[in-house]
Amino acid sequence: MLRPLRNVWRALRHRTQWETDLDDELRSHVEHRTMDLMRAGVSPQEAERRARLEFGSRDAYKDECRHSYGLQWFEGIWQDVRYALRALRRSPGFTAVAVLSLALGVGANTAVFGVIDALVLRPLPVKSPERLTFVEPTTHSYPAYRDLRDRNTTFSQLFAYRASPIGLGADESTARVWGYLASGNYFDALGIQPFIGRLFHPADDAAPGASPIAVLSYECWRSRFNADPSITGREIRLNNHPYSIIGVAPIGFHGVENIYFPDVWVPMSMQAEIEERPWLEERSTKDCEVAGRLKPGVTPLQAEANLRAIASDVARQYPQTESGVDVRLTKLGLLGQTLRRPLEAFSLGVILLSALVFLAACANLASLVAARAADRGFELAIRVSIGAARSRIVRQLATEACVIALAGGVAGCLLADFILRALGSIASEEIPIRVDTHLNLIVLLFAFAAVTIAALLFGIAPVRQAFAASPSGTLRAGSQGAGLLRAHRWPVREILLSAQVALCCVLVTACFVSVQGARRAFQMPVGIDPQNVAVSGFDLGLARYSPATGESFQRRALDAASRIPGVTAAAFADSFPLGIDQSTNAVYGPRETDFRSSNAIGTSHYNVSPGFFAAIGTHLLEGRDFDWHDNRTTPRVAIVNRAFARKVLGSEHAAGLYYFGFGGKTMRIQVVGMVEDGKYQSLTEDPRPALFTPMLQQYNGTTYLLARSARPAQAVAREMEAAIRTLDRRLPQYSVGPLAHLLALAYLQARAAAWCLSAFGILAVMLAITGIYGLTAYTVSRRVREIGIRIAIGAQPRQVIGAVLGRMGVIVGAGALTGIAGGVVSATILAHVVAQAVPGDPLVLGGVAATMILTALISCWAPARRAISIDPLTALRSE
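Summary of the structure given here. (Residues numbered from 1 in each chain as written. Predicted model: local features only at pLDDT ≥ 70, side-chain atom pairs only at ≥ 80, totals over all residues. Heavy atoms only, no water.)

Brief notes about the overall build of the protein chain
Then comes step 1: The helix and strand inventory of the protein chain stands at 27 helices and 21 strands.
Then comes step 2: Per-residue burial for the protein chain yields a buried fraction of 51% across its 879 residues.
Then comes step 3: Summarising the internal contacts of the protein chain: among those between residues at least 6 apart in sequence, 79% fall at separations of at least 24.
Then comes step 4: Total accessible area computed for the protein chain in this model is approximately 39,700 Å², and 59% of it derives from carbon and sulfur atoms. (Helix = DSSP H or I, 4+ residues; strand = E, 2+ residues; numbered from the N terminus. Buried < 20%, exposed > 50% of the residue type's maximum accessible area, 1.4 Å probe, protein only. Contact = heavy atoms within 4.5 Å. Areas by Shrake-Rupley, 256 points an atom, 1.4 Å probe, with all protein chains shown as cover.)

Following this line, the structure appears as structure tokens:
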């Protein structure tokens, strides 16, 4: 079994040496046989003659050795490959177009699959990830988590975690990083082993404030601590509190969310030191994500039933804070279904469109290969007529298809690697969100499968022609007649081109719909005017400012920003609409008497200073703005939006009305103003209630300083950053820049859809141009003699173009009409994915039609010029 493989490997490495070895072996056999005959009394000349006759010729002996070594098959394949390379080298234009088309199709699909693999398919780098589940709803209170952890019988481990910003101080510098507050069994449940030192365990999370320890991520250890091997035991500052580093997480581990890359893990018992407000024992604060590892033999359905029973019991015990919501188990990562469902829907749409690009590339290749095979009909007919087996010809054509597929596949993988590396380098400056995209074995296997499918799809047409070829008819027709197009039927290459044009129309329609949707998304009213607004963020809680000193610092920072030249309005807030840090609070209507959580209305909540609406560009519709007298010594007041007035207050007017907030009658709050509706958490949300309260009545150390100016926002933001640094040089700042840039995450879906679908549309147009050009050029080349005759008898250029390209217009027109109809259907589907996408938009349909007309004109321009410039005498003489 191993001998043939060993000899094949030897032949591949040392082909010339193998031939020499065969000659030496043959000579040795002849010499030994000659000596044996001479010992038997035969003369030397006769002995040599008999020995040579006995062993046969050198070629016969080599054939016998090839057969015994299993090399005949290899020799035939190698000969086919060499012939295919020579044939493709003689047609450089065809080869370049074929490889480019396949590279675009394979590269686009491989890149899309690489992103989907990183986001959705790739398992977490933990022990037995298939046994891990996420417990929905998305957030729970920590006491509710303890109830589920202690009373369940279906999980071997149930753990809690929460992402949180942390001020990391090392040496003399302080930086704002993101980390995890995690229950003590977090690492045990995931089955993680440390890279250095140790990880924390349940004993380290037993008592509040008793375990000031931290675990660093591998990336943080390398980037911030220079991969110090003696890092364990070193003291750092987290929010100005001393913590001891006990270990470093393993390479590649970044927690339980696919796109969130934290720098540090801290036990959940240290929550009061990491965050400003201690909430760990409050059932009304639901800020923990919960996940767990199922026991062996337990199904998700059994675990769901177990947790639902516990949640119902807890709701009966605490009806004011626990609603007994329906507990569900989903796949861990991407916050359960919160991010997974929209990502999967978007991924499905993108991969369907990328599959259309792939099919268009295969159709393009198939039409080109079919045309080339028809052009080689005379050559193939001669080979068949002199005795070549059709299977031999089919093998040769299949080898050419495989060579093209291999070259296109390699180029496509290089293109995909470039795209994936570029996407992997994109990271958010605000939170550690990124997609770990790279070529791995799974992605390469996908690329190999795509190349194999492509080779089969575009290799069918020439194989079919090779089996159907008639040598006698082809030879009678001659070399020029072998590939003539017949007007009375549709050859396969024309059908393929029409299908390719249809696919191109679908992709171009999707491209235009997404671009138009993105344009509308950027122009839609969102309740704020982010242009010319500068932002600088800082978190006083990370620097351990008290509420009194924090309020004083906020006022001094606001005064410093107001003095910057060109600033017309300035304010500060704990967040802003469409920002990354959103808060939702429960409120009750003025006539509500049952204050259970199930009767609450969720509202977007912002703590703001006076002047916030002028700074951010929100219109006050009625009532008054906040002033500096709205502080802790005055009654609680609020400003709401129109949706709040309708849904909570039950009125079109809000000023002067009251509502109940924050869980009870003691928090009866008066509305002093109403502002316009806007978008708060996403561009696709329905009108949502929003609530604004004075920062002086409810202090929050998380601060965004905003300033509106006629000057460039970037320059004003840098001056704000410098002004805050003069007030406290050790205070870490973030989100410094124009407000329009900080809203990029809100517009990410619209941008991603526009970029992705635009890329697919451009690829489709490129493939359509190459396909139409290739078939048109082939048509002109095969009808040179006919065109020469037409010109010789007086045909005008427009008549020549009409006779030669009229059929091409029918092919492109049929494909375009079919594609536009399919594009309308695809636009209807995209309307559910792309914000502000409108199916059936006349502007979009007109743009698609214009694009296809322009594509056809560009593709046919060069062949048309060649057709009308043919010299009749030269054309007839060449025939």
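So, the packing of aromatic side chains
Then comes step 1: Taken as a whole, this structure holds 28 aromatic pairs when the rule is applied.
Then comes step 2: Here Tyr606 and Tyr680 contribute two aromatic rings whose centre-to-centre distance is 6.2 Å and whose plane-to-plane angle is 40 degrees, an arrangement assigned as tilted. Here Tyr606, found in strand β14 (residues 601–608), pairs with Tyr680, found in the loop between β18 (668–675) and β19 (690–694); they are 74 residues apart in sequence, far enough to count as distant.
Then comes step 3: Ring centres of Tyr704 and Tyr734 lie 5.9 Å apart, and the angle between their planes is 90 degrees; this geometry places the pair in the edge-to-face category. Linking Tyr704 in strand β20 (residues 702–709) with Tyr734 in strand β21 (residues 733–738), this pair joins segments that are 30 residues apart in sequence. (Phe/Tyr/Trp six-rings, centres within 6.5 Å; stacked < 30°, edge-to-face > 60°.)

So, the pairing of strand β5 (residues 213–216)
Then comes step 1: Residues Ile213 and Val215 line one face of β5 and the alternating positions Ala214 and Leu216 line the opposite face, and both faces are buried.
Then comes step 2: Bridging between β5 and strand β7 (residues 241–248) involves four bridges; their strand directions are parallel. Bridge assignment links Ile213 to a residue of β7, and that residue is Ser244.
Then comes step 3: Here β5 runs beside strand β8 (residues 264–267); their pairing, made up of two bridges, is antiparallel. Directly across from Leu216, in β8, lies its bridge partner Val264. (Pairing = 2+ DSSP bridges.)

Thoughts on the environment of His32
Then comes step 1: Relative to the helices and strands, His32 resides in helix α2 (residues 15–39).
Then comes step 2: For His32 and Glu48, which are 16 residues apart along the polypeptide, the C-alpha to C-alpha distance reads 9.9 Å.

Some details on the side chain of Lys679
Then comes step 1: Inspection of the secondary structure assignment puts Lys679 in the loop between β18 and β19.
Then comes step 2: The contact partners of Lys679, leaving out residues within four places of it in the chain, are Met524, Pro525, Val526, Pro577, Leu578 and Glu685.

Regarding the pattern of salt bridges
Then comes step 1: Considering all chains together, one arrives at 22 salt bridges under this definition.
Then comes step 2: Arg198 is the partner of Asp204 in a salt bridge, and the nearest nitrogen-oxygen pair spans 3.0 Å.
Then comes step 3: Residue Asp204 is classed as buried on the basis of its relative accessible area, which comes to 15%.
Then comes step 4: A salt bridge links Arg642 to Glu652, with the shortest nitrogen-to-oxygen separation between them at 4.0 Å. Here the residue Arg642 occupies a position in helix α20 (residues 642–649), and Glu652 occupies one in the loop between α20 and β17 (658–661), the gap between them amounting to 10 residues. (Salt bridge = Lys/Arg side-chain N within 4 Å of Asp/Glu carboxyl O.)

Remarks on the side chain of Thr603
Then comes step 1: As for its placement among the helices and strands, Thr603 is situated in strand β14.
Then comes step 2: When neighbours within four sequence positions are excluded, Thr603 is seen to be in contact with Ser583, Thr584, Asn585, Val587, Phe644, Arg688, Pro689 and Leu691.

Examining the packing of helix α7 (residues 142–151) against helix α11 (residues 300–317)
Then comes step 1: Relative orientation of the contacting elements α7 and α11 amounts to 135 degrees, with a least axis distance of 10 Å. Judged on the interaxial angle alone, α11 and α7 are oblique. For α7 against α11, the interelement crossing comes out right-handed. Of the residues in α11, those touching α7 at Asp147, Leu148 and Arg151 are Leu307, Ile310, Ala311, Asp313, Val314 and Gln317.
Then comes step 2: Of the residues in the contact of α7 with α11, the class split is five nonpolar, one polar and three charged. (Axes fitted to C-alpha atoms, helices over the stretch in contact; angles between N-to-C directions. Parallel < 35°, antiparallel > 145°, perpendicular 65-115°, else oblique. Left-handed = near helix turned anticlockwise from the far one by under 90°. Nonpolar A, V, L, I, M, F, W, Y, C, P; charged D, E, K, R; others polar.)

Structural notes on α20
For an α-helix the count is 3.6 residues per turn, leaving residues at separations of three or four pointing the same way.
Then comes step 1: Along α20, the residues that are buried comprise Ala643, Phe644, Ala645, Val648 and Leu649.
Then comes step 2: Where α20 is buried, its residues contact β13 (584–588), β14, β16 (637–641), β17, β18 and β19.
Then comes step 3: In the segment just after α20, Gly650 is the residue with positive phi, at about 65 degrees.

Some details on the packing of helix α18 (residues 547–562) against helix α21 (residues 713–727)
Then comes step 1: Packing of α18 against α21 brings their axes to within 9 Å, and their N-to-C directions diverge by 140 degrees. Looking at the two axes, α18 sits oblique to α21. Classified by chirality, the crossing of α21 by α18 is right-handed. Facing α18, whose interface residues are Phe553, Arg556, Ala557, Ala560 and Ala561, α21 presents Met720, Ala723, Ile724 and Leu727.
Then comes step 2: Class assignment of the residues belonging to the contact of α18 with α21 gives a composition of eight nonpolar, no polar and one charged.

Looking at the environment of Val780
Then comes step 1: In this structure, Val780 sits in helix α23 (residues 748–782).
Then comes step 2: Look at Val780 and you get buried, because its relative accessible area is 0%.
Then comes step 3: Expressed as a C-alpha distance, the spacing of Val780 and Val804, which sit 24 residues apart in the sequence, is 7.0 Å.

Observations regarding unusual backbone geometry
In terms of backbone geometry, most residues other than glycine have negative phi values and most peptide bonds are trans.
Then comes step 1: Here the amide bond leading from Glu136 into Pro137 is cis, since omega sits at 15 degrees, within 30 degrees of zero.
Then comes step 2: The backbone of Ala227 shows a phi angle near 55 degrees, a positive value even though the residue is not glycine.
Then comes step 3: Locating Ala227 in the fold gives a position in the loop between α9 (218–225) and β6 (235–238).
Then comes step 4: The partly exposed category is assigned to Ala227, whose relative accessible area is 24%.

Considerations on a positive patch on the surface
Then comes step 1: The grouping of Arg82, Arg86, Arg89 and Arg90 at the surface amounts to a positive patch.
Then comes step 2: The exposure class assigned to Arg89 is exposed, which follows from its relative accessible area of 59%. (Patch = residues over 30% accessible without salt bridge, like charges linked within 9 Å, V, L, I, M, F, W, Y side chains within 5 Å. Lys, Arg positive; Asp, Glu negative; His and termini not counted. Charge placed at Lys NZ, Arg CZ, Asp CG, Glu CD.)

Overview of the nonpolar core
Proteins that are soluble and globular tend to have nonpolar side chains buried together.
Then comes step 1: Grouped together as the largest cluster of nonpolar side chains are 51 residues, with contacts concentrated most on Phe760 and Met808.
Then comes step 2: The set of elements that each furnish at least two residues to this core consists of α6 (92–121), α12 (337–375), α17 (492–523), α23, α24 (784–792), α25 (797–830) and α26 (842–868).
Then comes step 3: Residues contacting Phe760, with those up to four places away along its chain left out, are Ala108, Val112, Val350, Leu353, Ser354, Val357 and Leu507. (Core = buried A, V, L, I, M, F, W, Y, C linked by side-chain atoms within 4.5 Å.)

Quick look at the pairing of strand β11 (residues 533–539)
Then comes step 1: In terms of burial, β11 is largely enclosed, as seven of its seven residues are buried.
Then comes step 2: In β11, alternate side chains face the same way, and those of Val533, Val535, Gly537 and Asp539 on one face and Ala534, Ser536 and Phe538 on the other are all buried.
Then comes step 3: As defined by bridge partners, β11 adjoins β20 across seven bridges and the pair is classed as antiparallel. Directly across from Val533, in β20, lies its bridge partner Arg708.
Then comes step 4: Judged from the four bridges that link them, β11 and β21 form a sheet pairing that is antiparallel. Bridge pairing in β21 links Phe538 to Gln733.

Things to note about a nonpolar patch on the surface
Then comes step 1: A grouping of Leu100, Ile762 and Met766 is seen on the molecular surface, where their side chains present a nonpolar patch of about 270 Å² in accessible area.
Then comes step 2: Looking at the element boundaries, Met766 is found in helix α23.

Quick word on α9
Then comes step 1: When α9 is considered as a whole, its buried residues turn out to be Tyr218, Cys220, Trp221 and Phe225. Along α9, the residues classed as buried sweep out an arc of 165 degrees about the axis, all on the same side.
Then comes step 2: Buried residues along α9 sit in contact with β2 (155–170), β4 (196–197), β5, β6 and β7. (Arc of directions from axis to C-beta.)

Structural notes on the environment of Gly771
Then comes step 1: Positionally, Gly771 belongs in helix α23.
Then comes step 2: Given a relative accessible area of 0%, Gly771 falls into the buried group.
Then comes step 3: On a C-alpha basis, the gap between Gly771 and Leu365 in space is 7.8 Å, while along the polypeptide they are 406 residues apart.
Then comes step 4: When sequence neighbours within four positions are dropped, the list of residues in contact with Gly771 reads Asn364, Leu497 and Gln500.

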